Amino acid sequence: MNLIPPAPFVQGSLTSLEAALAIAQSLGRMEGQVLSYIAARGDYGATDAEIIEALGSQSYRPRRIRLVQLGLVRDSGETRKTPSGRNAVVWVVA
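Residues numbered from 1 in each chain as written. Predicted model: local features only at pLDDT ≥ 70, side-chain atom pairs only at ≥ 80, totals over all residues. Heavy atoms only, no water.

Once that is clear, we can look at the pairing of strand S2 (residues 87-93). Sheet analysis places strand S1 (residues 73-81) next to S2, joined by six bridges and oriented antiparallel. When the sheet's bridge partners are listed, Val73 is paired in S2 with Val93. If you look at the hairpin formed by S1 and S2, you'll find five residues sitting between the two strands, and Gly85 has a positive phi there, around 90°. (Pairing = 2+ DSSP bridges. Helix = DSSP H or I, 4+ residues; strand = E, 2+ residues; numbered from the N terminus.)

This paragraph deals with the packing of helix H3 (residues 48-55) against helix H4 (residues 60-69). Contact geometry for H3 and H4: axes closest at 9 Å, N-to-C directions at 125°. Looking at the two axes, H3 sits oblique to H4. Judged by the twist between their axes, the crossing of H3 over H4 is right-handed. On H4, the residues touching Asp48, Ile51, Ile52 and Leu55 of H3 are Tyr60, Arg61 and Arg64. Of the residues contributing to the contact of H3 with H4, the split by class is four nonpolar, no polar and three charged. (Axes fitted to C-alpha atoms, helices over the stretch in contact; angles between N-to-C directions. Parallel < 35°, antiparallel > 145°, perpendicular 65-115°, else oblique. Left-handed = near helix turned anticlockwise from the far one by under 90°. Contact = heavy atoms within 4.5 Å. Nonpolar A, V, L, I, M, F, W, Y, C, P; charged D, E, K, R; others polar.)

This part is about the environment of Ser59. For Ser59, the position within the fold is in the loop between H3 and H4. Counting along the chain gives 29 residues from Ser59 to Met30, while the straight-line C-alpha distance between them is 8.5 Å.

As structure tokens, then:
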């Protein structure tokens, strides 16, 4: 049987695949939380680090990636420094 998880995962990583399957039930909720958070920030948008800090889980980054794939979120063309001092893309609602 060929199982295709409904969440992004790292090819060849069993633990990543297991994690994708484990969160399958909450994908809609998690994607909604990410979209709502980014939308609430308006033109200021949010970096991945800000999303993770606000929503409390690394699991939200793949949800943001999915929202980009769906055309609901886009790169604003701006960057902001992360807590580690690196530049990060600022995401806004498309």
